[in-house]
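Structural overview
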Amino acid sequence: MNTQKSIVRISDDALALALGADKLAAAFEKAGASVERVSSWGMHWLEPLVEIDGIGYGNAVPGDVAAILAGTAPSIGRIEEHPFIAGQQRLTFARAGKTRPLSLEDYAATGGWVGLEKAKQMAADEIVQEVTASGLRGRGGAGFPAGIKWDTVRKARSDQKYIVCNADEGDSGTFADRMVMEGDPYMLIEGMAIAGLAVGADKGYVYIRSEYPHAIAKMHAAARHCAHIIAPFSVEIRVGAGAYVCGEETSLLNSIEGRRGEVRAKPPLPALKGLFGKPTVINNLLTLAAIPWIMNKGGKAYADYGMGRSRGTIPVQIAGNVKYGGLYETAFGIPLGDLVETIGGGTASGRPVRAAQVGGPLGAYVPVEQFHLPFDYEAFAAVDALIGHAGITVFDDSVDMAKMARFALEFCAAESCGKCTPCRLGSTRGVEVMDQIIAGREVEKNLGLIEDLSDTMKFGSLCALGGFTPYPVMSAIKYFPEDFKHRDFTRETERAGEDA
Amino acid sequence: MTYQPQADFGTPESRSTEQVTLTIDGRPVTVPAGTSVMRAAAEIECSIPKLCATDSLESFGSCRLCLVEIDGRRGTPASCTTPAENGMVVHTQTPHLQKLRKGVMELYISDHPLDCLTCAANGDCELQEQAGAVGLRDVRYPVEATHLGQAKDQSNPYFDFDPSKCIACSRCIRACDEVQGTLALTMQGRGFDSKISPGLASENFMSSECVSCGACVQACPTATLVEKNVVEIGTPDRSVVTTCAYCGVGCTFRAEMRGEQLVRMVPWKDGKANHGHSCVKGRFAWGYAQHAERITKPMIRDRIDQPWREVSWEEALGFAAARFTAIKADYGAGALGGITSSRCTNEETYLVQKLVRAGFGSNNVDTCARVCHSPTGYGLNKTFGTSAGTQDFDSVDDSDVILVIGANPTDAHPVFGSHMKRRLRGLDGRPAAKLIVIDPRRTDLVRSPHIEADHHLALRPGTNVAVLTAMAHVIVTEGLADEAFIRERCDWEEYQDWAEFVSLPTNSPENLSVVTQVPAETLRAAARLYANGGNAAIYYGLGVTEHSQGSSTVIAIANLAMATGNIGRRGVGVNPLRGQNNVQGSCDMGSFPHELPGYRHISNAETRALFEKDWGVTLHPEPGLRIPNMLDAAVDGTFRALYVQGEDILQSDPNTHHVAAGLAAMDCVIVHDLFLNETANYAHVFLPGSSFLEKDGTFTNAERRIQLVRKVMTPVNGMADWEVTQALANAMGFGWNYTHPSEIMDEIARLTPSFAGVSFDRLDKEGSLQWPVNDAAPDGSPIMHVDGFVRGKGKFVVTDYIPTEEKTGPRFPLLLTTGRILSQYNVGAQTRRTENSMWHGEDRLEIHPIDAEDRGIRTDDWVKLASRAGETTLRALVTDRVAPGVVYTTFHHPDTQANVVTTDFSDWATNCPEYKVTAVQVGASNGPTDWQRDYDEQARQSRRIATIEAEAAE
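Source: prediction; values computed, not measured.

Topic: the overall build of chain A
If you tally the helices and strands in chain A, you get 24 helices and 16 strands. Against the compact-globule benchmark of 23 Å for 500 residues, chain A has a radius of gyration of 23 Å, which places it among compact chains. Along the three orthogonal principal directions, the C-alpha set of chain A runs to about 75 × 65 × 40 Å. Taking all 500 residues of chain A together, 61% fall into the buried category. For chain A, contacts bridging at least 24 residues in sequence account for 71% of all contacts bridging at least 6. Only carbon and sulfur atoms are counted for the fraction: they give 53% of the accessible area of chain A, which is about 18500 Å². Within chain A, one finds 51 positive and 60 negative side-chain charges whose respective centroids are separated by 5 Å.

Below is the structure:
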């Protein structure tokens, strides 16, 4: 053993904490080790993951401490060489697992603030040009080019403008925003400060869902620690109150303003009349988090990644019934099947994969036959699917797709703000119709009704909550008609028996 | 005919001057930029289905019925939220749109009670209409969850709330926010659970912040919010546009009728004073016109201790004429007089003063403006040359700074108060106007939801002049005066005298703060804001005029406006908020003893000659008696007969004891009114009056806007008031023969230069005219003094602060000031006879917690309020709205008789009583005072009406 004591690195990410990382860290300290709490590598199935001198020890428990320190415990080898990590192109998550989240030293030592410093030397329109050149599109799901949005705000005349970061990460199976806030908060703030320079805004808000207490605490601390670096720009942290719809940008703005979290009609666009009626850049967290790299390495370098009109990298979040769940950042273009079957290792249950829902609870169910689809906005849109926030939820062959369709509508009913009629009433009516279908009553007629309702909701809804609910519903009906039309009631009864 | 509401264009009008041209369903249409596609379509009578849109509210985009297709755009944008653009090609009806609309409507109807035939909105329901428009024929959903069967909220006396019929369009919530500015309504819950709620979920409309303005009822597309009258009677079948008879805002309404029955009053969207808004009084509190206490038959009696005797019109008029003629013969014309009413029409007021001047032969005519805005007439005439406000209401849209002094617009002028609040909130998208409030009390404008005054100068009552002089001191000494304006428009010498005076160190805010109790820094900041803040407008009310220095204060206000160049364009000016519907008009019509119509002095031989020629009489060249002088003369025995039209001087004039003594001394008092008011207790002849619903005529509001009052029903007393005055004149042998009020207006126009261009025909066609209307201003004058002051050069007048003689001392240590409340109107003769009393059933004494604590007084305790003049009792309300040392009450209820307490002090120039400052003491009490008990008994005795038939049978 070296005379210089090695440092034990354990993540303090919420997922690691949930799996006992604090107790583990305490055990190491008790054993005399010097422990550093770092961000997570994003290999969730291995947490708590212990790193000593680059070597990883997965799923560690306090009882393993002695063996790990003695070097006798089984390791996963060098973490950076693990296939899950080695196969990625980590630009936004370059620091994941490597730095102490709130350490300004660590941040500066790993290229932090370089982008901001460069931006300070540039004219506002040059910054916007760089972002435009990168081809960066909004990572919230809509995929709107960030450069164009910024340019609209830059050109708007106003005494006050704002940068708003949408960190209301509410999609089931997504966690990339949380990992950035908990693992690399300065990067996000740097991205916002650069946006401020680009459009002439001196005030930024980060809107974080209340279910992320660790992220909220880290962001508060980070905003405090780096205030002198980003000044005159300043960042304020705002916490949501538990409404999914507040992830919709205009509801989010209303929520920050202290109003009811209700969707606003567009136009006016938030870029012209946003927060408190002022021109506002509202971007998804991952969009803003990509900015420091782009400014540091250049828009062109970023655009070199990806395919078609989807440029750069996308942090894919693999979750659900999957063996190797975690954060996988990669250039656009990777086939969906590779992410599910190869990288994700198939289902955790060991049963065959039946479908993957991509893009959160309002994303389409993609059947295995379409797993060749490349991860690309246009390719997904062409088959009525969406990438959304790039969450993938994997299901095995025991899934009841009629119940999943019902769940989508139920989710919409629970989360609807109630402003527009298709979503407010349609979601509840949809659940009622799905109940008829599941019970086998007038299935053909009711499927026709669901189709009409889906059309009303898709084209009539004010925002994506009502407008996208038809995607999981209609994709489930389209690709898995047998779960709707010829339901196996014996299986239904068996399940009921099991439940009892 | 079926019910026809006013056309609804869906979204508000755009004010842009830029025009855009687009094509809608193959037809070109050109509209101002910023107009929605929905409104553009409505302009060419293409009605895109809609439910959440209405043209009084900003677009909202929630119902999703108004979707359209636009060439080159994805999806189906909502036409209400999509601005029209040049070259846009819009399709409003395609198979896909048809299907979508049906789909949306099917969802609505799946959650709506299908009781259309028995629904109050049947025939006036937008949901019903749109279900027809989109061709919905079937609801296919297997419905389980609904909102049907919820309990109604019937707590409001005028409208019901039935949540089962609600389609959650939020129009009511938005109306409460955008139109009224009270923000009483909200949406509880979300998604399917969304439910309209007044305030908290535990509240109903009556217990909430709701002020019952009716904007939500007006906005509701279904029967969810509906007038109780419509529930009771049914939908109206015709409507007549007329003008409200309450405050000086002059709202116009559609009186919606079925036969001769008034179903409801709906604010008229084209009304230039109210733009489709209303308050609880005008919208709902008109039931007094049909109240059981209304007297519909003439009555007479020889002595006031006798019961009244109902008689025919001939007998009553003959009795009155004989007495007046006899008194004139015995005591001379000077023993006769009349009081005109600010509630009656211009034509009626004109006739009363004509009867006094041309018939009685004296100039003893006065009006209730004596007790409210006479100092306005004096002060503004002196400085600017006209006795009226300088702006129209819409001028406030261009104000950057609003200074409110001695006025409480959200209570007393609520519709304009709401208008002002929109500007103060910047709802028009421009930076919100700044606000300075000078008021001893924390009114709602000082702080209420979304409103906060930048500076509140909580001055000690009675120190208005000192505060304004200190402001002038700051403006002059800090070099903030607009010298270029002053040199061009005003008399420079007079300005210099004035500037020298206000610059004296004794007039500094620091020095005067001792008397005003306004911190010098606050005052300096307010003065700087007024002078430097852009367009600055002053709005004032009776808190300015009803003081011993009322006229001085008006002059001081005018001085400030001139010194800062805030006169002669939109957004600025000096704006008296007139108390009564036609107080401007009654002053214009020559109601003051010294002035003929059009503010021309009676001593001017040329003017007199004009009238003498037209009237065929000789006029007395000397001014007649003012009301207080008439009462003094009555006590002295030289004034003996009075004709009072539509005014209750016993309740409204100061020092009630003195008024009562004066009236009791007269030989013949004619009261011409709807009710046996307090003054009628001392009358010998009662001539039943007619309400504003029962006559034709005109009212002139606070912005000099002349608007038609239209008869919507036959007078229950048989005659309109102008007919009664004419009948009295003819009973006295004057031979008048007007057949319609339009002929009276023609006479006014003929004799009054500022009314030269006014006629009923023009008013009917153009809706309204703002005087002066003459060759120089053929279409009227929204803004006055545009190119120069009417009097020539604006006149600066030095206003020295002279403290009122009404002083606090050990016996009377507190200062009483008085005011109004939203739901009641003046002496309450009208509003007390409506359900409005549910909001304000009695006058309360507001007292600061410290003063209350010193006296052991708690809220709801009976307290005695005593001054040097008299005492009364009422219940206390402990609140920090008033400053320590100040108490406040309203004067709406005769059993309180606040004017028993007020004193004889009055404005030095006009005798306007000093209602706003009385030194008082407050103490615990067991109940009514002796005076109140005696008064009640006297009133009860005096109001007896003999039942003639019954007596004859005995």
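A look at the interface of chain A and chain B
With 34 residues of chain A in contact, the opposing surface of chain B contributes 36 residues. Contact with chain B buries surface across chain A, with A:Arg424, A:Arg429 and A:Phe459 losing the most and accounting together for 20% of the total. At the boundary of chain A with chain B, the tally comes to 4 salt bridges. As a salt-bridge pair, B:Arg140 and A:Asp452 come within 2.9 Å of each other at their nearest N and O atoms.

Description of the domain arrangement of chain A
Residues and elements named next belong to chain A. You can read the domains of chain A as domain 1 (7-86), domain 2 (104-303), domain 3 (306-396) and domain 4 (401-499). The gap between the C-alpha centroids of domain 1 and domain 2 is 32 Å. Facing 9 residues of domain 1, the contacting portion of domain 2 comprises 7 residues. For the domain 1 face of the interface with domain 2, the top three residues by lost area are Asp13, Ala14 and His44, together amounting to 52%. Viewed at the interface, domain 2 and domain 1 are joined by 2 salt bridges. Measuring nitrogen to oxygen at the nearest pair gives 3.0 Å for the salt bridge that ties Asp13 to Arg178. If you look at where domain 1 meets domain 2, you find 3 residue pairs in polar contact (both at pLDDT 80 or more). The residue makeup of the side of domain 1 that touches domain 2, split by class, is 3 nonpolar, 4 polar and 2 charged.

Focus: the nonpolar core
A:Met434, A:Phe484, B:Met105 and B:Tyr108 are the most contacted members of the largest nonpolar core, which has 74 residues in total. When residues of this core are assigned to their parent elements, the largest contribution, 8 residues, is made by helix α18 (residues 401-415) of chain A. Residues within four places of A:Phe484 in sequence aside, it is in contact with A:Met401, A:Ala402, A:Ala405, A:Met434, A:Ile437, A:Val443, A:Leu447, A:Ala476 and A:Ile477. Counting residues in each nonpolar core, the second largest holds 67 residues, with B:Tyr158, B:Phe159, B:Ala289 and B:Val437 among its members.

Topic: the sheet that holds strand β12 (residues 299-300) of chain B
Consider a sheet: its strands pair through backbone hydrogen bonds, and that pairing is either parallel or antiparallel. The strand order across the open sheet formed by 7 strands is β13-β12-β27-β26-β25-β14-β15 (chain B), and the pairing between neighbours is mixed. Only two strands of the sheet have a single partner each, and these edge strands are β13 (309-310) and β15 (365-367) of chain B.

Observations concerning empty space enclosed by the protein
All names here are of chain B. Counting across every chain of the model gives 15 cavities of 30 Å³ or more. What the largest cavity holds in volume is close to 590 Å³. What lines the largest cavity is a set of 39 residues, and nearest its centre among them are Arg343, Gln580, Gly646, Asn826 and Val827. Partitioning the lining of the largest cavity into residue classes produces 15 nonpolar, 16 polar and 8 charged. Of the voids in this model, the second largest cavity is the one considered here, and its volume is about 390 Å³. Together, 29 residues line the second largest cavity, and Gly406, Ala407, Gly543, Thr818 and Lys916 are the ones closest to its centre. Secondary structure elements with two or more residues in the lining of the second largest cavity: α18 (542-545) and β31 (814-819). No other element matches β31, which puts 3 residues into the lining of the second largest cavity. Taken together, the residues of the lining of the second largest cavity break down into 11 nonpolar, 13 polar and 5 charged.

Some details on the pattern of salt bridges
Residue and element names in this part refer to chain A. Evaluated as defined, the whole model comprises 87 salt bridges over all chains. In this structure, the salt-bridge partner of Asp304 is Lys300, at a minimum N-O distance of 3.0 Å. Here Asp304 falls in the exposed class, since its relative accessible area comes to 52%. Given a relative accessible area of 58%, Lys300 falls into the exposed group.

What about the sheet that holds strand β30 (residues 768-770) of chain B?
All names here are of chain B. Ordered by their spatial adjacency, 3 strands build an open sheet running β28-β29-β30, and the pairing between neighbours is antiparallel. Edge positions in the sheet fall to β28 (697-700) and β30, since each has one partner strand and no second. Direction aside, neighbouring strands of the sheet carry axes that sit 30° apart on average. Inspection of the sheet shows strand β29 (residues 705-709) paired to β30 by 3 bridges, in the antiparallel sense. By the bridge assignment for β30, Arg705 is matched with Gln770. Those strands touched by helix α9 (residues 346-360) are β28 and β29, and its axis lies near 95° from that of β28.

Observations concerning the pairing of strand β13 (residues 326-331) of chain A
Residue and element names in this part refer to chain A. Counting buried residues along β13, 6 of its 6 residues qualify, which places the element largely inside the surrounding structure. Bridge count for strand β12 (residues 313-320) against β13 is 6 bridges, and the pairing is antiparallel. The residue of β13 that forms the bridge with Val316 is Tyr328. Counted between consecutive antiparallel strands, the loop separating β12 from β13 contains 5 residues.

Here we look at unusual backbone geometry
Residue A:Pro267 follows A:Lys266 across a cis peptide bond; omega there is -5°. Tracing the backbone through its elements, the reader meets A:Pro267 in the loop between α13 (249-256) and β9 (280-284).

With respect to helix α29 (residues 930-942) of chain B
Structurally, the α-helix is built with 3.6 residues per turn, so residues lying three or four positions apart point the same way. All names here are of chain B. Here α29 contains 13 residues, and its C-alpha end-to-end distance of 18 Å stays within 8% of the 18 Å for a straight helix at 1.5 Å per residue. Where α29 is concerned, the buried positions are Gln932, Tyr935, Ala939 and Ser942. The arc enclosing the buried residues of α29, seen along the axis, measures out at 95°, which places them on a common side. The exposed residues of α29 that point more than 90 degrees off its buried face are Asp930, Asp934 and Arg940. On its buried face, α29 is in contact with α23 (649-652) and β34 (871-878).

A short note on the confidence of the model for chain B
All names here are of chain B. Looking at chain B, the pLDDT average stands at 94 and 99% of residues meet or exceed 70. For residues 949-954, every residue scores under 50 in pLDDT, and the model assigns this stretch 1 contact once sequence neighbours within four places are set aside. Both confidence scores are given for the complex: pTM 0.93, ipTM 0.93.

Quick notes on the environment of B:Leu424
All names here are of chain B. Position of Leu424 among the secondary structure elements: in helix α12 (residues 414-424). Taking the C-alpha atoms as reference points, Leu424 and Asp400, 24 residues apart in sequence, are found 8.8 Å from one another. The residues touching Leu424, leaving out its near neighbours within four places in the chain, are Ile402, Ala432, Ala433, Lys434, Leu435, Leu445 and Ile451.

Here we look at the packing of aromatic side chains
Residues and elements named next belong to chain B. Evaluation of the coordinates by the stated rule reveals 39 aromatic pairs over all chains. Judged by centre distance (6.1 Å) and plane angle (75°), the rings of Tyr350 and Trp615 are edge-to-face. Here Tyr350 is found in helix α9, whereas its partner Trp615 is found in helix α21 (residues 605-615), with 265 residues between them in sequence. Of the two residues, Tyr350 and Trp615, neither departs from the other in class, the shared state being buried. Ring centres of Tyr378 and Trp908 lie 5.7 Å apart, and the angle between their planes is 85°; on these two criteria the pair is classed as edge-to-face. Linking Tyr378 in helix α10 (residues 374-383) with Trp908 in the loop between β35 (886-890) and β36 (918-924), this pair joins segments that are 530 residues apart in sequence. Residue Tyr378 is classed as partly exposed on the basis of its relative accessible area, which comes to 28%. Following the ring pairs from residue to residue traces out a cluster consisting of Tyr158, Phe159, Phe161, Phe205, Phe284 and Trp839.

Reading guide: rules and limits
Residues numbered from 1 in each chain as written. Chains lettered and ligands numbered in written order. Predicted model: local features only at pLDDT ≥ 70, side-chain atom pairs only at ≥ 80, totals over all residues. Heavy atoms only, no water. Helix = DSSP H or I, 4+ residues; strand = E, 2+ residues; numbered from the N terminus. Rg over C-alpha atoms; globule rule 2.2 N^0.38 Å. Buried < 20%, exposed > 50% of the residue type's maximum accessible area, 1.4 Å probe, protein only. Contact = heavy atoms within 4.5 Å. Areas by Shrake-Rupley, 256 points an atom, 1.4 Å probe, with all protein chains shown as cover. Lys, Arg positive; Asp, Glu negative; His and termini not counted. Charge placed at Lys NZ, Arg CZ, Asp CG, Glu CD. Buried area = accessible area lost by both parts, 1.4 Å probe. Salt bridge = Lys/Arg side-chain N within 4 Å of Asp/Glu carboxyl O. Domains from an automatic or database assignment. Polar contact = N/O pair within 3.5 Å; in protein donor to acceptor, adjacent residues only side chain to side chain. Nonpolar A, V, L, I, M, F, W, Y, C, P; charged D, E, K, R; others polar. Core = buried A, V, L, I, M, F, W, Y, C linked by side-chain atoms within 4.5 Å. Pairing = 2+ DSSP bridges. 1 Å grid on protein atoms, 1.4 Å probe; cavity = no way out; pocket = protein on both sides within 12 Å on 5 of 7 lines; lining within 4 Å. Points joined across faces, edges and corners; volume = space filled by probe spheres on them. Axes fitted to C-alpha atoms, helices over the stretch in contact; angles between N-to-C directions. Expected span 1.5 Å × (residues − 1). Arc of directions from axis to C-beta. pLDDT = per-residue confidence, 0-100. Phe/Tyr/Trp six-rings, centres within 6.5 Å; stacked < 30°, edge-to-face > 60°.

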